[in-house]
Protein chains: 2
Amino acid sequence: MVRGRAGMLGGVPLPLPDVPARIVAAPMAGGPSTVALAAAVSGAGGLGFLAAGYRTADAVAEEVARLRAASAAPFGVNVFSPVPAVPAEAARVPAYARLLEPRAAALGARLGDPVHTDDDHAAKVEVLAALRPAVVSFVFGVPPARSVEVLHAAGVPVWLTVTSPEDAVAAAAAGADALVVQGWEAGGHRGGGSDAEPGELGLLPLLALVRRVTDLPLVAAGGLADGRGVAAVLAAGASLAQLGTAFLRTAEAGTAPVHADALAADRPTTVTRVFTGRRARALANRATAELPADAPAAYPEVHALTAPLRAAARAAGDAGELHLWAGQAHALAEAVPAGTLVRRLAAEAREALRTAWDQGSEQPAQGVGQRRGGPAGQP
Amino acid sequence: MVRGRAGMLGGVPLPLPDVPARIVAAPMAGGPSTVALAAAVSGAGGLGFLAAGYRTADAVAEEVARLRAASAAPFGVNVFSPVPAVPAEAARVPAYARLLEPRAAALGARLGDPVHTDDDHAAKVEVLAALRPAVVSFVFGVPPARSVEVLHAAGVPVWLTVTSPEDAVAAAAAGADALVVQGWEAGGHRGGGSDAEPGELGLLPLLALVRRVTDLPLVAAGGLADGRGVAAVLAAGASLAQLGTAFLRTAEAGTAPVHADALAADRPTTVTRVFTGRRARALANRATAELPADAPAAYPEVHALTAPLRAAARAAGDAGELHLWAGQAHALAEAVPAGTLVRRLAAEAREALRTAWDQGSEQPAQGVGQRRGGPAGQP
């Protein structure tokens, strides 16, 4: 059992801010996570998130300022941990680029320069330590020790994303205040420390296996789209439920229309490296079907390579070449205001917990909808 | 919304028997599901299951008689639906057999005859209609219409196993009284109608997507190993939680010792066709690593082919060649009496629901372990 910092008040007051709805809007870099979405979610009692990925430190600071002008509620900001370069995989990128060239040309685009960057990691961490959001979360493994130190020194709790028990051990040892536990069902990039996860653990077994190695608070993510799913992970012991895809069609999200429309259909998802060089769950489309399953595991080089192609696809409304990030329950995502969704999810989750309790009460259930007094046994 | 037979009393009194613990011990053919295990589970308030697969109809009748002599509690019996022959895949079996021959020889075994059978389906259904267990469940898709008719005419509820919303539509249309909803996390064979499921849905999204297409009672299965997981699927709307791997190490299970020992380790699982020609989740081992990922999708031909090899591996205690069926949470399986496990799971699930409710109550939580009155708000 790796003991984390939770409750050890070394300058960090609380690992979890007060989130009455117990709902977190997952950070979704590349457009969907807007200031308006974070404000609406936090305003409804959830925890809104800004996504610092693919933005400059200055742009992040500007978003934080706009969010604070729009809402006084707590919010989080997500930052990418630097991903180590893998020369053997980077060496495969030129051959992959030749496969992509005709696809880019068909959209009138040219491929980008496949550079390896750290997404301006340190500068963003410094900015956020100064701005002090309620939480800073990281994806892509454990960040440099200095990033955790800088945030803790500023009193900012740090959440690390894990997709395996091994990740959880590493995250707790690195000083995480809470863990975002991302199941295999989740849309978008795999957020853990390894791009080649053995076991590909679904959310419920992952929560149970992570709980075995740490007592840190857990934020459950992956394939959640309704109040019953929220209730499920709270019953499984998570402190909060994080939903991403469920917010992609909300009015405040910055999701490309072609993406938002595609989510509503019943179609399978797949986990693929073809878009960015790192595994991510997306709707299966022409690109995932036609491009090789063994695309180079070179992130962010492949991301940079394909970015202009995907931007052209987005502009053209071409759902076949775009990275249509989607969790497995994407067909349940609704086009409603985000605040309405947060309130509805919280109410539905509460009702689901009550119903599950009632149906397990000592007296045999008399039928759906009947209510008893709940845990206290009050009639 | 496909309306099922639930509540329509056409000779079938109740789709679900009375299961106070809300726990079902999943049927596990090939040895683990013993009469003693079913008796212990049913005796503790769960629903025990016999596994008719790979047995003769006479042997099934004899097991039912022994179980009834041991326990008066309700139990279920699981039967395989006939799997259609796929000639193009069967044609690949001889080449696959050549890969297996040296492995069999190393264990002093010879390969079996790769015959296609229906596992004596109709005879088992007739026997079970006469013996009338509380439930007959099927895996491998929808059985012949006559099988459902015969059981319904005898007043036996029929549960069908689904791994996709499409399966759920087909199962409801075929007259299912309840659905066993098997998530991607589950150990052993994929139990749905297709061996090539698009989407590979985790249990929570699968429950949500199935609920969208049917109002039948749902039995949730896949990767559940503790009371919190049970609570989670009940909160997600399932009527019962079905656990298989969690029972594999119990005293009453007929699990091979080499299999039971392997489950306790932290090691990844994989979904593979190499053992039987049908996808199943197993601990990754020498066989899954060395045999081709595109093994023939020929079930049960490959099962029959490899059966003597696997029997020899079992006898020799060789964990490298044996099919070590395991759900993703296998490391949590405990070597305890099955009745103890059922009672503990039920109590832990109840506590998990209470805790989740308490933590979401209007007053901010004051700390772990504090209790309030529950849904009725009683202090």
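The structure contained in this document is the topic of the report that follows.

Rules of the game
Residues numbered from 1 in each chain as written. Chains lettered and ligands numbered in written order. Predicted model: local features only at pLDDT ≥ 70, side-chain atom pairs only at ≥ 80, totals over all residues. Heavy atoms only, no water. Helix = DSSP H or I, 4+ residues; strand = E, 2+ residues; numbered from the N terminus. Rg over C-alpha atoms; globule rule 2.2 N^0.38 Å. Buried < 20%, exposed > 50% of the residue type's maximum accessible area, 1.4 Å probe, protein only. Areas by Shrake-Rupley, 256 points an atom, 1.4 Å probe, with all protein chains shown as cover. Lys, Arg positive; Asp, Glu negative; His and termini not counted. Charge placed at Lys NZ, Arg CZ, Asp CG, Glu CD. Pairing = 2+ DSSP bridges. Axes fitted to C-alpha atoms, helices over the stretch in contact; angles between N-to-C directions. Contact = heavy atoms within 4.5 Å. Least-squares fit on C-alpha atoms with pLDDT ≥ 70 in both. Salt bridge = Lys/Arg side-chain N within 4 Å of Asp/Glu carboxyl O. Buried area = accessible area lost by both parts, 1.4 Å probe. Polar contact = N/O pair within 3.5 Å; in protein donor to acceptor, adjacent residues only side chain to side chain.

Further remarks concern the overall build of chain A. What chain A contains, in helices and strands, is 13 helices and 11 strands. For 379 residues, the compact-globule estimate of 2.2 N^0.38 gives 21 Å, and the C-alpha radius of gyration of chain A, at 21 Å, lies within 12% of that figure. Overall size of chain A, expressed as C-alpha extent along the three principal axes, is 70 × 45 × 40 Å. The buried share of chain A, reckoned over its 379 residues, is 61%. For chain A, the accessible surface area stands at approximately 13,400 Å², while carbon and sulfur atoms represent 56% of it. Charged side chains of chain A number 32 positive and 34 negative; the gap between the two group centres comes to 3 Å.

For the rest of this paragraph, the subject is unusual backbone geometry. Here the residue pair Tyr299(A) and Pro300(A) is connected by a cis peptide bond, since its omega of 5° sits within 30 degrees of zero. Position of Pro300(A) among the secondary structure elements: in the loop between α11 (286-290) and α12 (301-316). The phi torsion at Arg22(B) lies on the positive side, around 60°, for a residue other than glycine. Mapped onto the secondary structure, Arg22(B) falls in the segment before β1 (23-25). Here the phi dihedral of Asp119(B) falls at roughly 60°; this positive angle occurs in a residue that is not glycine. With respect to the helices, strands and loops of the structure, Asp119(B) is situated in the loop between α4 (93-106) and α5 (121-131).

A few words now on the sheet that holds strand β9 (residues 240-243) of chain A. Residues and elements named next belong to chain A. Spatially, 8 strands are ordered β1-β9-β8-β6-β5-β4-β3-β2 in an open sheet, and the strand pairing comes out parallel. For this open sheet the edge positions go to β1 (23-25) and β2 (48-51), each flanked by a neighbour on one side alone. Each neighbouring strand pair of the sheet contributes to a mean axis angle of 30°, computed without reference to strand direction. Of the pairings in the sheet, the one linking strand β8 (residues 218-221) to β9 comprises 3 bridges and is parallel in character. Its bridge partner lying in β9, Val-219 is registered against Leu-240. Of the strands in this sheet, β1, β2 and β3 (75-80) touch helix α1 (residues 35-43), which is tilted by about 160° from β2.

Looking now at the relation of the copies chain A and chain B. Here the second copy of the chain follows from the first by a rotation about an axis and a shift along it. Between the two copies, chain A and chain B, the superposition gives an RMSD of 0.0 Å; the rotation angle is 180° and the shift along the axis is 0.0 Å. Here the copies are linked by what is in effect a two-fold axis. When C-alpha positions in chain A are compared against the rotation axis, the closest is assigned to Ala232(A), at 1.9 Å. Most of the interface of chain A is mirrored in chain B, where 100% of its interface residues are also at the interface.

Here we take up the pattern of salt bridges. Taken as a whole and assessed by the stated rule, the structure comprises 30 salt bridges over all chains. With its nearest N and O atoms 3.1 Å apart, the salt bridge here joins Arg55(A) to Glu63(A). One salt bridge in this structure joins Arg212(B) and Asp266(A), with 2.9 Å as the shortest N-O distance. Taken together, the residues span two chains, with Arg212(B) in the loop between α8 (203-211) and β8 (218-221) and Asp266(A) in the loop between α10 (257-263) and β10 (269-272). Take Arg212(B): its relative accessible area is 34%, and that puts it in the partly exposed class. By relative accessible area, Asp266(A) is classed as exposed at 57%.

Before going further, it helps to examine the interface of chain A and chain B. Counting residues at the interface gives 49 residues for chain A, matched by 49 residues for chain B. With both chains or domains summed, chain A and chain B bury close to 4,100 Å², and 58% of this area falls on carbon and sulfur atoms. Remark: the boundary between chain A and chain B carries 2 salt bridges. Linking chain A with chain B are 10 residue pairs in polar contact (both at pLDDT 80 or more), by the criterion used here. For the side of chain A that touches chain B, the secondary structure elements donating two or more residues are α8 (203-211), α9 (227-235) and α13 (338-359) of chain A. Sorting elements by how many residues they give to the side of chain A that touches chain B places α13(A) first, with 7 residues.

Interpretation note: all reported values are geometric properties and have no functional meaning in isolation.
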